[in-house]
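Each chain, written out:
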Amino acid sequence: MNNGYLTTHVLDIGIGKPGFDIPIELFNDGGDLIHQVTTNSDGRTEAPLLSEADFKTGKYALIFSVKNYLKQNHQLVEEPFYDHIKIEFMIRDQYAHYHVPLLLSPYGYSTYRGS
């Protein structure tokens, strides 16, 4: 039985609040789109991005479409610095929980493997 799963969330560290209504796309190593979702009011997805039979080892990429969110939630002098943020990562353990958050501000971002 495969117990692994993949989750994410967005935290806007520029204002200290969840990043809501941000579209996210998940791609596999072959470049195939395998999941699309939008963050909820808590900056999270309603369900794991991958779980059960869909959760497999390999290389993946999350693309966060942040331009509209940044325009709507920050008083920017010009167009947002970021349009999309791409995070590439490896799933090596099919039984583990992989959490890949995005910490976002108008001019910088960070990520890590969380739990």
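This text gives an overview of the structure that appears in the document. (Residues numbered from 1 in each chain as written. Predicted model: local features only at pLDDT ≥ 70, side-chain atom pairs only at ≥ 80, totals over all residues. Heavy atoms only, no water.)

### Brief notes about the overall build of the chain
Operational definition: Per the convention used, a helix needs a DSSP run of H or I reaching at least four residues, while a strand needs a run of E reaching at least two, with both numbered from the N terminus. With the radius of gyration taken over C-alpha atoms, the globule rule is written as 2.2 Å times the number of residues to the power 0.38. Burial here depends on accessible area, computed with a 1.4 Å probe over protein chains only, as a share of the maximum for the residue type. Under 20% is buried, over 50% is exposed, and the range in between is partly exposed. Contact criterion: two residues are considered in contact whenever any of their non-hydrogen atoms come within 4.5 Å of each other. Accessible surface is estimated by sampling points in the Shrake-Rupley manner with a 1.4 Å probe; for residues, cover comes only from the protein chains shown.
When helices and strands are tallied, the chain shows one helix and 11 strands. When the elements of the chain are put in sequence order from the N terminus, they spell out β-β-β-β-β-β-β-α-β-β-β-β. The C-alpha radius of gyration of the chain comes to 14 Å, within 12% of the 13 Å expected for a compact globule of 115 residues. A burial count over the chain gives 42% of its 115 residues as buried. Pairs at least 24 residues apart make up 60% of the contacts formed inside the chain by residues separated by at least 6 positions. For the chain, the accessible surface area stands at approximately 6600 Å², while carbon and sulfur atoms represent 47% of it.

### Let's talk about the pattern of salt bridges
Note the threshold: By definition, a salt bridge exists where a carboxyl oxygen of Asp or Glu is found within 4 Å of a side-chain nitrogen of Lys or Arg.
Across all of its chains, the model carries four salt bridges by this definition. Salt-bridge contacts for Arg44 lead to Asp42; the nearest nitrogen and oxygen are separated by 3.4 Å. Assessed through its relative accessible area of 35%, Arg44 is described here as partly exposed. Linked by salt bridges that have partners in common, Lys67, Lys71 and Glu79 make up one network.

### Some thoughts on the nonpolar core
Going by this rule: Definition used in this section: a nonpolar core is a set of buried Ala, Val, Leu, Ile, Met, Phe, Trp, Tyr and Cys residues joined via side-chain atoms within 4.5 Å.
If you look at the biggest cluster of nonpolar residues, it comprises 25 residues, and the most contacted ones within it are Leu6, Phe64, Val66, Phe89 and Leu104. Sorting elements by how many residues they give to this core places strand β8 (residues 84-91) first, with four residues. In this structure Leu6 touches Leu26, Pro48, Leu49, Leu50, Phe55, Phe89, Tyr98 and Val100, once residues within four positions along its chain are discounted.

### Some points on the pairing of strand β5 (residues 33-38)
Threshold: In this scheme, strands are said to pair when DSSP sees at least two bridges between them.
Relative to β5, strand β4 (residues 23-28) runs antiparallel, the two being bridged by five bridges. Residue Phe27 lies in a different strand from β5, and its bridge partner there is Leu33. Hairpin connection from β4 to β5: four residues lie between these consecutive antiparallel strands, with Gly31 at a positive phi of about 85 degrees.

### Here's the deal with the sheet that holds strand β7 (residues 58-65)
This is how the line gets drawn: In this analysis, axes come from line fits to C-alpha atoms, helices being fitted only over the stretch in contact, and the angle between any two N-to-C directions falls in the range 0 to 180 degrees.
Across the sheet, which stays open at both edges, the four strands sit in the order β5-β4-β7-β8 with antiparallel pairing between neighbours. Each edge of the open sheet carries a strand with a single partner, namely β5 and β8. Adjacent strand axes in the sheet meet at a mean angle of 20 degrees when their direction is disregarded. As paired elements, β4 and β7 share five bridges and run antiparallel to each other. Its bridge partner being in β7, Leu26 is matched across the sheet by Leu62.

### What about unusual backbone geometry?
In this structure, Asp21 takes a positive phi of about 60 degrees despite not being glycine. Topologically, Asp21 is positioned in the loop between β3 (17-18) and β4. We classify Asp21 as exposed; its relative accessible area is 54%. The phi angle at Glu52 is positive, at roughly 50 degrees, despite the residue not being glycine. With respect to the helices and strands, the residue Glu52 is situated in the loop between β6 (50-51) and β7. A residue is classified by how much of its surface remains accessible, and Glu52, at 47% relative accessible area, is partly exposed.

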